[in-house]
Each structure stands twice: as structure tokens, then as C-alpha cells.
Amino acid sequence: MANVLLTKETQKGTTKGSGKKLLAFKNLEKRLEELLNEEGPKSRVSFGFMVLNCVVQGNYERALSELDSTAMGIEGYPEFTEKSSRYIEHAKSLVLAIKTKKEIGLSPHINKSKQKELGDRIAEHFMDLKKCIIIIEKIEKGIRAKDLGSSVYIIVSLYFSVVGLFVACLVAYLWPEIKDLPWDSIQEYFWPE
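Residues numbered from 1 in each chain as written. Predicted model: local features only at pLDDT ≥ 70, side-chain atom pairs only at ≥ 80, totals over all residues. Heavy atoms only, no water.

S.K.: Would you mind going over the overall build of the chain in detail, with residue names and values included?
M.R.: Each helix and strand in the chain was counted, giving 7 helices and 0 strands. Walking the chain from its N terminus toward its C terminus, one meets helices and strands in the order α-α-α-α-α-α-α. A sequence separation of at least 24 residues applies to 70% of the contacts in the chain between residues at least 6 apart. Within the structure as shown, the chain displays about 13300 Å² of accessible surface, and the carbon and sulfur contribution to it stands at 61%. (Helix = DSSP H or I, 4+ residues; strand = E, 2+ residues; numbered from the N terminus. Contact = heavy atoms within 4.5 Å. Areas by Shrake-Rupley, 256 points an atom, 1.4 Å probe, with all protein chains shown as cover.)

This is the structure:
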């Protein structure tokens, strides 16, 4: 994303001193965008990408709502909520920590070294958030894969049933003398009364 979101203060063009401090946070937003692009989630429409992108753009409420909707769980997979709830809560706290530190850094009373320290902490929180989201997505993929595995067993058993029926019909068609076998004695042998 080439453009950087500007705060209301830079759009109004307030003081010279606050412009330098806001410039430092513009660089932070560029750095967060770079962190988002490197080793990020592969799917551009995944909830993880949405959360990280909202955090980079400063839309924290949307990021929290995405996490809340994920915390509700996936319909039909109750174990997802059990396994991922602590990671989702941790991700929410990281989003709030990033928001708070960014707001503190925009204050005109913070010196440059403290701003740099806050920027480093925000970058650390962002990387932790990224790892946390990757873990949540792995949990989701694992649960869906396990469900798909049970579906595969059903499909394979259905396949072998159809093949067995086909072979039985083929044998009956190609070997007409099978009708002349003593089926009563075979039945009594396998299923005695």
C-alpha cells in the first residue's frame, strides 16, 4: 500500500514540532506494512490478513470485530473455539496495546528517543500479533483437515462398495453356471439355522 494514512493533525497542518513526530509514525506505518508483506498469510482474503491490514491502517475497531467474529467459532466446529480462544484473546490485547502505544506516540510531549522506543515496541507487538494469527489459522486448517479426513473414509468406502457390486454383476454375467451352484448348501454352511 503506497499511501499512508494521515492523522487529523497533519491534515489540518497544526504545528511544526508535531509534524516531525507524525513523520516518525508515518515511517512506522511503512515499517508495519513491510512486516505485513513479509511472510504474511498467503490468502489475501483470510481473516488474518484482514486483521493485520486493519491494524496497519489504524482501523482497530474493525480488527477487533474480525477477531470477535472469529472467536464466535466456525459453525459446525465447536472444538475450534476451545482451541483458539486464548490466542484470540491474546490477539485482541495486542491490537489494543498497538492502538494505545500509537496514540501515546502521537502526543506532542513525547521526545524522539521515547518515540523510537514506542515504535520498536509497536513493531514487536505487531510481529507477536502476526504469529498469533498464524497459530489461529493453523488451528482452523487442522480442524478442517481432520473433518475432511473423515469424509475421505466415507467416499473411499462408497467407492469400494460400488466396485464390489460391479465385480459381482460382472462375474454373474460372464459365468452363467453360477446359477447352478447349490446355494442352499452354501447358505447352510455360512449361516446355519
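S.K.: Describe the packing of aromatic side chains, naming the residues involved and giving the relevant values.
M.R.: Following the criterion strictly, the structure yields 1 aromatic pair and no others. Aromatic side chains Y159 and F160 sit 5.4 Å apart centroid to centroid with 65° between the ring planes, which places their arrangement in the edge-to-face category. (Phe/Tyr/Trp six-rings, centres within 6.5 Å; stacked < 30°, edge-to-face > 60°.)

S.K.: Describe helix α3 (residues 47-57), with residues and values.
M.R.: The element α3 is largely enclosed, with a buried count of 9 among its 11 residues. Residues of α3 that are buried include every one of F47, G48, F49, V51, L52, N53, C54, V55 and V56, and no others. Immediately downstream of α3, the backbone of G58 shows phi near 90°, a positive value. (Buried < 20%, exposed > 50% of the residue type's maximum accessible area, 1.4 Å probe, protein only.)

S.K.: Help me get a handle on the nonpolar core, residues and values and all.
M.R.: Judged by nonpolar contacts, the single largest core of 25 residues is most densely connected at V55, L67, V95, I98 and L129. Put simply, the parts of the chain that give this core at least two residues each are α3, α4 (60-71), α5 (78-105) and α6 (112-174). Broken down by element, this core gets its largest block of residues, 8 residues, from α6. Non-local contacts of I98, meaning those with residues more than four positions away in its chain, are made with V55, Y60, I122, H125, F126 and L129. (Core = buried A, V, L, I, M, F, W, Y, C linked by side-chain atoms within 4.5 Å.)

S.K.: Please provide a residue-by-residue account of the environment of T100, values included.
M.R.: You can see T100 is positioned in helix α5. Sequence separation between T100 and I122 is 22 residues; the distance between their C-alpha atoms is 9.5 Å.

S.K.: Any chance you could break down the confidence of the model for the chain for me, citing the residues and the numbers?
M.R.: Averaged over the chain, the pLDDT score is 77; the fraction of residues at 70 or greater is 75%. The least confident element of the chain is helix α1 (residues 8-12), whose mean pLDDT is 36; the most confident is α5, at 91. Long-range and interchain partners of residues 1-22, a stretch whose pLDDT sits below 50, account for 24 contacts in this model, where long-range means more than four residues apart. Throughout residues 40-44 the model reports pLDDT below 50, and contacts reaching past four residues in sequence, or to other chains, amount to 9 contacts. (pLDDT = per-residue confidence, 0-100.)

S.K.: Quick rundown of the pattern of salt bridges? Include the residues and the values.
M.R.: Under the definition given, this model contains 10 salt bridges. The partner of K99 in a salt bridge is E61, with the nearest N and O atoms 3.1 Å apart. On the criterion of sequence distance, the pair formed by K99 in helix α5 and E61 in helix α4 is long-range, its members being 38 residues apart. Residue K99 is classed as partly exposed on the basis of its relative accessible area, which comes to 23%. Among the salt bridges present, the one from E66 reaches R62, with a minimum N-O distance of 3.9 Å. Residue E66 and its partner R62 are located together in helix α4, separated by 4 residues, close to a single helical turn. (Salt bridge = Lys/Arg side-chain N within 4 Å of Asp/Glu carboxyl O.)

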